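For reference, the chains in residue letters:
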Amino acid sequence: MIKKVFRFPLKCRPGPPDAGALPFAPAALAIVAGGSSAGQSEAGSGADALALTPAELRICALLVEVAAHLERSAGKTVTLRIAGGWVRDKLLGRESHDLDIALDSLMGFEFAQHVNEYQRAANISHPSHQQLKIGSIAKIDSNPDKSKHLETATTSIFGQLIDFVNLRTETYNHDSRIPVMEFGTPLQDALRRDITINALFYNLHTKKVEDFTGQGLIDLRNGHIRTPLPPLQTFIDDPLRILRVIRFASRFNFTIEPTILQVCLEHAEIRTALGTKISKERIGVEVDKMLSTDSLNHALRAVRLIHEFGIAADILAEAPLDLRFVGSESVGSTLEVAPPITPAASVSSVPLVGGTTNNLSPTSSLLDLAISQVPVDLVAGLRVSETLVGILNTLSVEELRFFVPTSTGIVCPFTKDEIRLIFLCAMVTPYIDRKYLEKKKKVMPAAKFVIMQSLKLSGADGDAISSMIVFIPKIQQTVNQLYNQRIEEQQQSSASPTTSSSSDQMDVTDDTTTTYRRHRRHTRKSVGIFIRELGFRSVYTSCVPLGSKYVLAVFMAMIVEITQALSIRQSAVAAATVVVVGDGGGAGEQQTPLLMQEESDAIVSCILEKYRVFWEIVVSEYGVEAAWQVKPILNGGEVSKFYGIKAGPLVGRVLQLMIEFQLEFPDAGKEDVLNWLKTVDPSSC
């Protein structure tokens with residue numbers, strides 16, 4: 001049994017970068033005096049020149065040449081600046097390929113055309129020189145319905161995609177989410193951006209960094225997130241900026257200006273606007289980027305900030321009430337008719353979040369029952385995320401291999417994509433017991449709606465996370481059965497080493513209490529079938545099976561079980577309040593005792609041991625960790641020929657039984673299978 005001190009991160013403490021971590025000198029941060037009363041300068045404040053790569057130098061030189069040619073040939077003056085994230089990342093010493101060129105007097109598409117014309121003329125004028133490859137121009141029009149308010153032109157220069165866009169100022173009307181766009185000054189453009197560290201420019205002509213807000217460089221050095229304008233105005237104009245604050249604060253582990261959180265909590269209209277003004281696609285992109293990291297702590301801080309800002313329910317929204325389903329049909333079922341009027345008693349066993357039960361009349365409809373459900377406690381997803389990070393930060397790679405065996409093909413530590421998946425799974429675990437109707441008849445896990453409709457993530461994400469969520473309860477049940485079976489076998493062996501095991505002996509299963517019941521013991525065959533179900537089964541029509549990612553589902557089942565066990569025990573401890581005696585001898589205030597570290601560690605270690613035993617049985621004892629990949633020794637055509645029947649469901653069922661035979665007898669060959677077929681009546685399958 002693994003015995004360690006498990007530290008579950010209840011708080012994520014941000015801070016400024018380490019001293020000397022930023023590759024620019026403090027002297028470069030002096031703000032030019034003048035400008036507005038807020039210390040903003042229309043002239044900006046210059047920092048030392050950035051160190052550009054050879055490719056970046058070549059691109060910048062070409063663009064400056066185009067601007068100079070445009071002035072000579074057409075009398076059009078244009079100043080070119082690289083805007084936003086590229087400048088920030090360069091100052092932080094990070095690589096960036098996100099080149100956005102901001103223009104002060106031309107639209108992006110017009111300037112991109114001039115760039116292509118200049119390259120075409122250069123190829124004609126210097127045929128002996130290496131010819132410049134001219135890329136096509138993609139014009140992305142503004143699309144208010146998708147919350148994209150600005151026209152952008154994209155083209156490739158020397159193999160690098162470049163976006164061209166004009167500097168602008170935005171004016172929002174209170175009754176519209178669509179801003180009025182106009183050409184703006186660099187200061188106006190900087191002020192309309194999300195945060196100060198993203199409002200920096202690099203002037204291609206002067207080769208200097210420009211900080212028109214007067215705060216971007218200082219905030220970058222201090223590791224601080226601040227909005228260029230007052231937070232209320234910034235977020236009312238574009239509520240998506242809340243998510244961008246969270247993303248960059250978690251990504252860089254920066255502190256957040258207190259007024260930002262205060263404004264979000266005090267103004268519910270900002271949080272509501274996330275669902276009314278902003279497209280689901282843009283929300284999903286931000287959440288996806290938050291979790292696409294190889295840092296567990298950064299991902300956890302993003303999840304925590306989503307909850308601290310009070311927007312979890314807005315971005316992880318459940319299906320509308322008229323689509324929620326509380327019937328007994330399982331996920332993957334298709335209803336033949338519309339949901340009928342159902343007696344409340346028939347769904348009384350449906351677990352509602354918070355343990356609340358229904359007391360509706362016997363004629364209540366499924367819609368009434370859906371309405372009566374207690375809202376999902378999404379904070380439970382945060383607790384699962386905290387447990388996830390606590391376990392992964394505590395276990396060494398060698399110890400983690402007990403729960404993610406090498407032979408499964410999943411690497412340790414987890415990859416960036418795997419971290420993203422398990423955090424998404426953790427966030428939607430409160431929806432484990434929830435379902436909804438797709439196209440009014442297909443029963444689906446509520447988690448699928450959250451991933452694919454509320455966040456508009458990919459179908460692959462929806463399939464993987466839905467499968468993990470659906471399988472978690474069954475995984476927990478099977479792990480407990482196998483563990484109890486192992487304990488019982490050890491007890492029997494200790495009491496009577498010569499006693500032979502029977503397939504009909506008592507077994508222990510563990511739900512909320514320890515109970516006994518008779519059932520067939522797990523064998524290599526039954527465990528192999530279970531692993532095959534996890535990796536090969538589609539939980540609903542067209543769902544892509546988990547494959548090797550079933551290991552992540554087992555891991556998350558363990559994390560959820562730990563979280564649930566600690567929560568149950570903490571609730572029991574909290575039920576006993578401690579009265580503190582005051583200084584005068586009288587009764588003082590009541591305090592709720594916390595779960596002691598030793599008791600917490602014991603609970604965690606016990607559950608870890610169960611899952612260690614599970615993998616020991618799966619890998620070392622039975623060797624069925626790859627059972628989901630097992631193929632029948634004979635194909636469908638051979639089975640059809642053997643029985644003299646046409647291909648169809650009967651052949652499919654025989655093939656399934658053949659795989660079960662192979663799992664039971666791993667050394668069986670083709671002759672063994674043929675002999676086995678003689679004992680199988682396909683008509684009775």
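One can find the structure itself at the top, above this paragraph.
Residues numbered from 1 in each chain as written. Predicted model: local features only at pLDDT ≥ 70, side-chain atom pairs only at ≥ 80, totals over all residues. Heavy atoms only, no water.

Outline the overall build of the protein chain, listing residues and values.
Of regular secondary structure, the protein chain possesses 24 helices and 19 strands. Counting all 685 residues of the protein chain, 49% fall into the buried class. Put simply, 70% of the contacts in the protein chain that link residues at least 6 apart link residues at least 24 apart. (Helix = DSSP H or I, 4+ residues; strand = E, 2+ residues; numbered from the N terminus. Buried < 20%, exposed > 50% of the residue type's maximum accessible area, 1.4 Å probe, protein only. Contact = heavy atoms within 4.5 Å.)

Lay out the environment of Ala-460 in plain terms, naming residues and giving numbers.
Here Ala-460 lies in helix α18 (residues 459-495). With a relative accessible area of 54%, Ala-460 lands in the exposed category. Sequence-wise, Ala-460 and Val-544 are 84 residues apart; in three dimensions their C-alpha atoms are separated by 7.2 Å.

Lay out the pattern of salt bridges with the relevant residues and their values.
Overall, the coordinates contain 35 salt bridges when judged by the stated rule. The partner of Arg-192 in a salt bridge is Asp-189, with the nearest N and O atoms 3.6 Å apart. In terms of burial, Arg-192 and Asp-189 fall into one category: buried. The partner of Arg-247 in a salt bridge is Glu-286, with the nearest N and O atoms 2.7 Å apart. Pair noted here: Arg-247 is in helix α7 (residues 240-252) and Glu-286 is in helix α10 (residues 280-291), with a separation of 39 residues, a long-range link. Summarising the burial analysis for this pair, Arg-247 and Glu-286 share the class buried. Through salt bridges with shared partners, a single network forms among Arg-486, Glu-609, Arg-612, Glu-616 and Glu-621. (Salt bridge = Lys/Arg side-chain N within 4 Å of Asp/Glu carboxyl O.)

Which residues make up the sheet that holds strand β14 (residues 435-438), and what values do they have?
One open sheet accounts for three strands, arranged β13-β14-β15; its pairing is antiparallel. Looking along the sheet, the strands with just one partner apiece sit at the ends: β13 (324-325) and β15 (442-445). Two elements, β13 and β14, share two bridges in a ladder whose sense is antiparallel. Bridge pairing links Phe-325 to Lys-435 in β14. This element, helix α17 (residues 446-454), spans β14 and β15 of the sheet and lies at about 75° to β15. (Pairing = 2+ DSSP bridges. Axes fitted to C-alpha atoms, helices over the stretch in contact; angles between N-to-C directions.)

Got a sec to walk through the packing of aromatic side chains? Specific residues and values, please.
Here the structure, examined in full by the defined rule, presents 14 aromatic pairs. Taken together, a centroid distance of 6.5 Å and an interplanar angle of 70° make the contact between Phe-402 and Phe-403 edge-to-face. Judged by centre distance (5.1 Å) and plane angle (45°), the ring pair of Phe-661 and Phe-665 falls under tilted. Look at Phe-665 and you get partly exposed, because its relative accessible area is 41%. One aromatic cluster is present, built from ring pairs that chain together Phe-530, Tyr-550, Phe-614 and Trp-615. Here the guanidinium or amino end of Arg-247 rests over the ring plane of Phe-248, the centre of that ring lying 4.5 Å away. The lysine or arginine in question, Arg-532, covers the ring of Phe-536, its NZ or CZ lying 4.4 Å from the ring centre. (Phe/Tyr/Trp six-rings, centres within 6.5 Å; stacked < 30°, edge-to-face > 60°. Lys NZ or Arg CZ within 6 Å of the ring centre and 35° of its normal.)

How would you explain the packing of helix α11 (residues 296-308) against helix α16 (residues 416-428) if you had to name every residue and give the values?
The interhelical angle for the contact between α11 and α16, taken along N-to-C directions, is 30°, at an axis separation of 11 Å. Overall, the two elements α11 and α16 adopt an arrangement that is roughly parallel. Where α11 crosses over α16, the two elements pack in a sense that is right-handed. Judged by residue contacts, Leu-296, Ala-299, Leu-300, Val-303 and Ile-306 of α11 engage Ile-419, Phe-423 and Met-427 from α16. The residue inventory of the contact of α11 with α16, partitioned by class, reads eight nonpolar, no polar and no charged. (Parallel < 35°, antiparallel > 145°, perpendicular 65-115°, else oblique. Left-handed = near helix turned anticlockwise from the far one by under 90°. Nonpolar A, V, L, I, M, F, W, Y, C, P; charged D, E, K, R; others polar.)

Before we move on, can you summarise the nonpolar core with the specific residues and values?
Within the largest apolar cluster, 155 residues are counted, with the highest numbers of intra-cluster contacts made by Phe-111, Ile-531 and Phe-555. The element contributing the most residues to this core is helix α20 (residues 550-574), with 13 residues. Excluding residues that lie within four positions of it along the chain, Phe-555 makes contacts with Leu-388, Ile-391, Leu-392, Leu-400, Phe-403, Val-404 and Phe-414. By size, the runner-up hydrophobic cluster in this structure holds 14 residues, among which are Leu-657, Met-658, Val-673 and Leu-677. (Core = buried A, V, L, I, M, F, W, Y, C linked by side-chain atoms within 4.5 Å.)

Go over the environment of Lys-435 with me, naming the residues and quoting the values.
Considering the arrangement of structural elements, one finds Lys-435 in strand β14. A C-alpha to C-alpha distance of 5.3 Å links Lys-435 and Phe-325, two positions 110 residues apart in sequence. Among all residues touching Lys-435, those that are not within four sequence positions of it are Arg-324, Phe-325, Gly-327, Ser-328, Glu-329, Val-331, Val-443, Met-444, Pro-445 and Ala-446. Among the polar contacts made by the side chain of Lys-435, one reaches the main-chain carbonyl oxygen of Glu-329 at a distance of 2.7 Å. (Polar contact = N/O pair within 3.5 Å; in protein donor to acceptor, adjacent residues only side chain to side chain.)

I'd like a rundown of the pairing of β14, residues and numbers included.
Along a regular strand, successive side chains alternate from one face of the sheet to the other. The pairing of β14 with β15 spans four bridges and is antiparallel. Directly across from Tyr-436, in β15, lies its bridge partner Met-444.

Please set out unusual backbone geometry residue by residue, giving values where relevant.
Geometrically, the link from Cys-412 to Pro-413 is a cis peptide bond, its omega value of -5° lying close to zero. Positionally, Pro-413 belongs in the loop between α15 (397-400) and α16. Of note in this structure, Phe-158 is not a glycine but carries a positive phi near 55°. Within the fold, Phe-158 resides in the loop between β5 (152-157) and β6 (160-166). You can call Phe-158 partly exposed: its relative accessible area is 28%.

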